[in-house]
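So you can see what is in the structure, the chains are spelled out below.
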Amino acid sequence: MQIIICKNGEEVAKKTANLILKTIKTNKNPVLGLATGSTPLLMYKLLVEDFQQNCTSWANVITFNLDEYCGLSSNNEQSYRYYMNENLFKHINIDFSQTYLPNGNGNFKLNAEVYENQIINFGPIDLQILGIGTNGHIGFNEPGTDFNSLTHVVNLNEQTIKDNARFFNNDISQVPKQAITMGIKTILNSKVIVLMASGINKAEAIYHLVNTKPTTQWPCTALQSHDQVIIIIDKDAASLLKKS
Ligand code: F6R
C-alpha cells in the first residue's frame, strides 16, 4: 500500500486526476472505475478542464461506477447517474453507451447480477477510484459486508444515511435506504485501486484502513490484501497516522 500525503484536498484531486489521465493515455481501451460523493468533485472538474485545454480523448474509455441508489430515476438530481453526467460525462467526448452504473430501478437483485457480468465482460478495471465513508465503507459496502461479496443490493446503514443527508436538503427521510454497489471482491478485482480522502472526519477510517488487521467491521481494511493500492489523502485525513 502506497500512501501519499498531500497538503490539501486540491492536491489530492490533482494527483488523482493525473493518475486517471495517465491510465487513459497508456491503455488502448481503458476501463475506469469511478466514485461519486463530495471527495471526487474537484478531480472531475480538473478532468473537464484538461479536456478543454488539452483535448485528452475519452473516446475509447469505458467507465463503471461503484454504486447507485435504489428507486431514483436517472434524471433525479440526487441519482449518481445524474451526478456523473453533470460533473463529467457531458463535458468530455466519452461515448455515453460506454458509461455504466448499476440500474437502481426495477428488479434490484437482477440488476446487480447484470452489472457484475458487465464488469466481467469489459474488465478487469484498470484503475478503480474510491472514496471512503466515515464508517470505513468503500462503495456502499457497509461494516459487516463479506470480503467475497460481488455486486449486490445493500441496506444503507444509519451512519451513511446521516452522512449523505447533506445531499438531500439535510432531510434523512429523503435519503434512499437501499443501493446497489460493487462488492468488495468486485473492487479487489481491479488492477490498480486509488483511494482518495480529505478532511478530519475521514481520519479515523484512514487510521483503520492502514493499521487495523483486516476485519469486516472496517470494510476498507480489505484493501490491505491488494498489492496495487494507492492512498491519496490530505494532512487532516492522515492526522491519526504515525509519522513513520
Ligand atoms: C460513492 C461511494 C462512497 C463515497 C463515500 C465518501 O460512489 O461509493 O463510498 O466514496 O461515502 O463520500 P464523500 O466523498 O461524499 O465523503
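Let us look at the structure shown here. Values in this document were obtained by computation on a predicted structure and should not be read as measured data. (Residues numbered from 1 in each chain as written. Predicted model: local features only at pLDDT ≥ 70, side-chain atom pairs only at ≥ 80, totals over all residues. Heavy atoms only, no water.)

1. Some words on the environment of V48
Step number 1: Looking at the element boundaries, V48 is found in helix α2 (residues 41–54).
Step number 2: Taking the C-alpha atoms as reference points, V48 and F140, 92 residues apart in sequence, are found 26 Å from one another.
Step number 3: Each residue touching V48, except ones within four places of it in the same chain, is listed here: N87, L88 and H91. (Helix = DSSP H or I, 4+ residues; strand = E, 2+ residues; numbered from the N terminus. Contact = heavy atoms within 4.5 Å.)

2. Thoughts on the site of the ligand
Step number 1: If you check the shell around the ligand, you find 15 residues, and the closest are T39, D67, H137, G139 and K202.
Step number 2: A distance of 2.4 Å is found between an oxygen atom of the ligand and a side-chain nitrogen or oxygen belonging to T39.
Step number 3: Within the side chain of H137, one N or O atom sits 2.7 Å away from an oxygen atom of the ligand.
Step number 4: Summarising the interface, the protein chains cover 95% of the accessible area of the ligand, which totals 410 Å² for the free molecule. (Near = heavy atom within 4 Å. Polar contact = N/O pair within 3.5 Å; in protein donor to acceptor, adjacent residues only side chain to side chain. Areas by Shrake-Rupley, 256 points an atom, 1.4 Å probe, with all protein chains shown as cover.)

3. Description of the environment of N189
Step number 1: Mapped onto the secondary structure, N189 falls in the loop between α6 (184–188) and β9 (192–197).
Step number 2: What makes N189 partly exposed here is its relative accessible area of 47%. (Buried < 20%, exposed > 50% of the residue type's maximum accessible area, 1.4 Å probe, protein only.)

4. Quick look at the environment of R81
Step number 1: As for its position among the elements, R81 is in helix α3 (residues 80–87).
Step number 2: Placed 21 residues apart in sequence, R81 and P102 show a C-alpha to C-alpha distance of 8.9 Å.

5. Quick word on the nonpolar core
Step number 1: By size, the foremost hydrophobic cluster in this structure holds 40 residues, and its most contacted members are I20, M43, L47, W58 and L88.
Step number 2: Of all elements in the fold, only α1 (9–26), β2 (31–34), α2, α3, β6 (127–130), β9 and β10 (229–234) reach the threshold of two or more residues within this core.
Step number 3: Excluding residues within four positions of it along the chain, M43 makes contact with A13, T16, A17, I20, I129 and M196.
Step number 4: Of all hydrophobic cores here, the second largest spans 29 residues; its members include I193, A197, A205 and A237. (Core = buried A, V, L, I, M, F, W, Y, C linked by side-chain atoms within 4.5 Å.)

6. Remarks on the pattern of salt bridges
Step number 1: Enumeration over the complete set of coordinates arrives at six salt bridges.
Step number 2: Between E11 and K15 there is a salt bridge; the shortest N-O distance is 3.8 Å. Of this pair, E11 and K15 both sit in helix α1, four residues apart, which is roughly one turn of the helix.
Step number 3: A relative accessible area of 34% places K15 in the partly exposed class.
Step number 4: Close ionic contact of D126 with K191 constitutes a salt bridge, the shortest N to O distance being 3.0 Å. Of this pair, D126 sits in the loop between α4 (108–122) and β6 while K191 sits in the loop between α6 and β9, and the two are 65 residues apart along the sequence. (Salt bridge = Lys/Arg side-chain N within 4 Å of Asp/Glu carboxyl O.)

7. Section: a nonpolar patch on the surface
Step number 1: A cluster of nonpolar residues, M1, I3 and I5, forms a patch on the protein surface that exposes about 250 Å² of accessible area.
Step number 2: Within the element layout of this structure, I3 appears in strand β1 (residues 2–6).
Step number 3: Here I3 falls in the partly exposed class, since its relative accessible area comes to 34%. (Patch = residues over 30% accessible without salt bridge, like charges linked within 9 Å, V, L, I, M, F, W, Y side chains within 5 Å.)

8. Some thoughts on the side chain of D126
Step number 1: For D126, a relative accessible area of 11% translates into the label buried.
Step number 2: Within the local environment of D126, its side chain forms a polar contact with the side chain of K191, the two groups lying 3.0 Å apart.
Step number 3: Ignoring anything within four residues of it in the chain, the contact list for D126 reads T23, N27, N29, P30, V31, K191 and V192.

9. Some details on the sheet that holds strand β8 (residues 178–181)
The strands that make up a sheet are held in pairs by hydrogen bonds between backbone atoms, and each pair lies either parallel or antiparallel.
Step number 1: Here three strands make up an open sheet; going across it, the order is β4-β8-β7 and the pairing antiparallel. Only two strands of the sheet have a single partner each, and these edge strands are β4 (67–69) and β7 (152–155). Strand-to-strand twist of the sheet, defined as the mean angle between neighbouring strand axes without regard to direction, takes the value 25°. (Pairing = 2+ DSSP bridges. Axes fitted to C-alpha atoms, helices over the stretch in contact; angles between N-to-C directions.)

10. So, the sheet that holds β9
Step number 1: Ordered by their spatial adjacency, seven strands build an open sheet running β1-β10-β9-β6-β2-β3-β5, and the pairing between neighbours is parallel. Edge positions in the sheet fall to β1 and β5 (99–100), since each has one partner strand and no second.
Step number 2: Of the strand pairs in this sheet, β6 and β9 are connected by four bridges, and their pairing is parallel. Across the sheet, residue I129 finds its bridge partner in β9, namely V194.
Step number 3: Running at roughly 150° to β10, α1 makes contact with β1, β2, β6, β9 and β10 of the sheet.

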